[in-house]
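# Structural description and commentary
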Amino acid sequence: MAPEMRDLLAAIADPVVVQDGAGCWQYGNAATCQLLGRSPESLEGLTHRQVFDPKNLASLEQATAQAWATGQSQESLIGLQDAQGNRRTFRVHITRCTPIASPPYLVSMLRDAATATESYPQQRSQRERLLGTIAQYLLQSLNPQQLLARSMDELRRFLAVDGVVFYGLRSPRTGLLAEAIEGQWPRWPRPEDTDLQTALANYCQDRPQGFIGTGLEDLSPDLQRHWRDLGVQALMLVPVGDNTHPLGVICVHQWRSPRPWQEWEIEALGDVANQIGTAMAQTDLYEQVRRLNADLERQVSQRTQQLMQALEFEATLKRITDRVRDSLDETQILQTAVEELTGALGAKGSNTALYDLEQGTSTIYYEYNDSLPSYQGRVAQMEAFPEVYHQLLAGQYFQFCSREPNPVRGPVSMLACPILDDRGVLGDLWLINGSDYGFNDQEIRLVQQVSNQCAIAIRQARLYQAAQSQVKELERLNQLKDDFLSTVSHELRTPVTSMRVALQLLGVTLNQEFDLNAELQKAKSTQNRIARYYQVLKEECEREISLINDLLDLQRLDGGSHPIHAQRIDLTTWLPGIINSFQERAHSRQQQLQYTVAADVPLLVSDQPSLERVFAELLNNACKYTPPGEKIHLAVTSLPSDQLQFQVVNSGVEIPATELPRIFDKFYRVPSADPWKQGGTGLGLALVQKLLWHIGGEVVATSQDQQTCFTVTLPLRIG
């Protein structure tokens, strides 16, 4: 129960008890505490059975149940023992109250049956009945207009006067708020007189508890004139207010004849004024709470809508970001941004443009709308619209509505946002809507974020395009290089081959000449010199041919045109031939060349010429860099995954760990690894690696503890 209701019930002289739906006492006023000799706290939680005599208790409980069920007031007689031990009988008036903001409850008012009929004057009984009736009105309604109308009507009947009105003095309830006029007596003038309102407010400020009787002499001239104009014979005024300001004034009129006011009538009217003041304060408080609740609900609703919109915009931004960052096409990036933004913001249309700052132009690359004319492809000179492009080039967004409607689009509002990143402005993004539409902060922030993402994606796309152009240019240059090497190799091969043939013919001719010439024995030293020169020419020619062949083979392998001729290879008969061709060379260098082939090695199906080149190059390198007195060993084993493993190991030499990753690069030679100055082109190992890749194998080099190992892995059957 509201504190205002407690204050209202506390002012009632008769005992009053408030019960909840379970029949438990929630409140008892001061008269109840005095009657029972209890404190207010001790009354809470009691029931009728704990207080009243068992006699007539059933009748009281039945009346209570009837009032609770029907909402209609009920009466019953009941007895109890008061604080002095006296047995007394009371008439109980029961009323159900149903407040708007709290659960319903019952109000039971006790009147001493004997005193009411014998001791109390009739007017006292009427006064209490009036206060009780008005209290029920106050408890049952929070509508000020209804409350005042009922109260004024009850007062008119109670005082048996011609009219009672309530005149409000506090905004928003000012002027004549309620009236109860009997018959054809004059009504108050409408609209309300502001001078009358001012005069009444001044009167209530000066005499907050004052009352006026039959005469009007104590009133201000304005008030005297008002009631004399109405023909009032008797008047009683009582201010109604809260603790700080007057709320209004109750005006009691008697037109038919002068009338003196009784003391008990004045007291009753004062009590009613207190009750109405408390009730109006409660309704004001309730209205204030209701307005605050409405404002709070509106704020919560607005905040909820903002949060929902923020979540939708966040999802839209993520969707746009994912799509534009996955694209390397500028047109696709702009199209995605424009379509998604138009749908998310419910705009009439949108377009996006890219700038050419050198030419000072802006070109609309994509446009999206259902009904507006298309501007796609239009090129605008920035100088023609400085008020627009100066702001956009400065990285500023803006929205506006043209004072003069566009001849094609009509009256529209537009939002322009630059597409920019930390390197500058790339273009702009425009949103178009109705002329009465204004883009809010959340919408503008979304457009800015989308514009930033577009700038990042466009920069990324342009970097990719630039990288692709560089790659194509590098590919073109590489192709030119390959073509040059191929051409040069062929051009070199032709004369060297001719030289080789000429040397062979020269050798044959020299042999014939020395055999036929009788004086050959005399020129033995000359023959030796010629033979040595011939051998040098032959070796250098073979070396030049080998280099050219390596270049041509690498060129064919890079171009994927190297031929493959798969055939069955028996390693037990093929490998000794490869080893024996290097035995004489190893012996001359004081090296031990050995090989082992595991017994379970199966037949190999691969390209035999490629394998011969691979192992010839590996054995040649081993002989070339192995010191005298060291060993070279070739081992062949089977692997469980249908593969063969070849390991060429030479001792006495070690490749630095920092150089190992580069030994298969073209033209690369390990620094300080050729103490015998035997030379080389750095193409051998590169050719080995590419040949093995070509036939499905691979090679790995390891070197440690003065030992170097090249491990070759081959499939048993070429793919």
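Note: the structure precedes this text.
Only a predicted model underlies this, so the values are computations on that prediction, with no experimental measurement involved.

## Remarks on the overall build of the protein
For the protein, the count of helices and strands is 18 helices and 22 strands. The burial tally for the protein puts 43% of its 719 residues in the buried class. Here the analysis covers contacts within the protein between residues at least 6 apart in sequence; of these, 59% occur between residues at least 24 apart. When the accessible area of the protein is evaluated, it comes to approximately 38500 Å², of which 49% is carbon and sulfur surface.

## A closer look at the packing of aromatic side chains
Going through the model one piece at a time under the given rule, you end up with 9 aromatic pairs. Both rings, one in W574 and one in F615, keep their centres 6.2 Å apart while their planes meet at 70 degrees; by these two values the pair is edge-to-face. A residue pair is termed long-range when its members are at least 10 positions apart, and W574 in helix α16 (residues 571-588) and F615 in helix α17 (residues 608-625) qualify at 41 residues. Residues W574 and F615 agree in their burial class; the two are buried. Ring centres 6.4 Å apart and planes at 85 degrees place the aromatic pair F664 and F710 in the edge-to-face group. One end of the pair, F664, is in the loop between β20 (643-651) and α18 (684-694); the other, F710, is in strand β22 (residues 707-715), and 46 residues separate them in sequence. Each of the two residues, F664 as well as F710, counts as buried. Joined through ring pairs, the aromatic side chains of F398, F400 and W430 make up one cluster. For R96, the ring lying beneath its charged end belongs to W68, and the centroid distance is 5.3 Å.

## Examining the pattern of salt bridges
Proximity of charged atoms lets side chains of opposite charge pair with each other. Applying the stated criterion across every chain, the model contains 16 salt bridges. Between R88 and D82 there is a salt bridge; the shortest N-O distance is 3.5 Å. Through salt bridges that share partners, D82, R88 and D112 make up one connected network.

## Here's the deal with the sheet that holds strand β14 (residues 412-421)
Taken in spatial order, the 6 strands of this open sheet run β12-β11-β10-β15-β14-β13, and their pairing is antiparallel. Both edges of this open sheet fall to β12 (379-381) and β13 (398-401), since each of them pairs with a single strand only. Direction aside, the axes of adjacent strands within the sheet are offset by 25 degrees on average. Across 10 bridges, the pairing between β14 and strand β15 (residues 424-434) is antiparallel. What sits directly across from D421, in β15, is G424. Against the sheet, helix α13 (residues 386-393) engages β10 (349-356), β11 (361-369), β12, β13, β14 and β15, with an angle of about 125 degrees to β15.

## Structural notes on the nonpolar core
Counting 41 residues, the largest nonpolar core has L571, L618 and F646 as the members making the most contacts within it. Residue contacts for L618: discarding those within four places in its chain leaves V648, L685, V688, F710 and V712. Counting 29 residues, the second-largest nonpolar core is a separate cluster that includes F313, L345, I419 and I458.

## A closer look at the side chain of Q591
As for its position among the elements, Q591 is in the loop between α16 and β17 (592-597). The contacts of Q591, once residues within four sequence positions are left out, are A586, C623, T626, P627, E630 and I632.

## Description of the packing of helix α11 (residues 263-325) against helix α12 (residues 330-345)
It is the contact of α11 with α12, at a shortest axis distance of 9 Å, that shows an interaxial angle of 165 degrees. Classed by the angle they form, the pair α11 and α12 counts as roughly antiparallel. In this structure, α11 crosses over α12, and the sense of that crossing is right-handed. Two secondary-structure elements touch here, α11 through F313, T316, R319, I320, R323 and V324 and α12 through Q332, I333, T336, A337, E340, L341, A344 and L345. Tallied by class, the residues present in the contact of α11 with α12 amount to 8 nonpolar, 3 polar and 3 charged.

Reading guide: rules and limits
- Residues numbered from 1 in each chain as written.
- Predicted model: local features only at pLDDT ≥ 70, side-chain atom pairs only at ≥ 80, totals over all residues.
- Heavy atoms only, no water.
- Helix = DSSP H or I, 4+ residues; strand = E, 2+ residues; numbered from the N terminus.
- Buried < 20%, exposed > 50% of the residue type's maximum accessible area, 1.4 Å probe, protein only.
- Contact = heavy atoms within 4.5 Å.
- Areas by Shrake-Rupley, 256 points an atom, 1.4 Å probe, with all protein chains shown as cover.
- Phe/Tyr/Trp six-rings, centres within 6.5 Å; stacked < 30°, edge-to-face > 60°.
- Lys NZ or Arg CZ within 6 Å of the ring centre and 35° of its normal.
- Salt bridge = Lys/Arg side-chain N within 4 Å of Asp/Glu carboxyl O.
- Pairing = 2+ DSSP bridges.
- Axes fitted to C-alpha atoms, helices over the stretch in contact; angles between N-to-C directions.
- Core = buried A, V, L, I, M, F, W, Y, C linked by side-chain atoms within 4.5 Å.
- Parallel < 35°, antiparallel > 145°, perpendicular 65-115°, else oblique.
- Left-handed = near helix turned anticlockwise from the far one by under 90°.
- Nonpolar A, V, L, I, M, F, W, Y, C, P; charged D, E, K, R; others polar.

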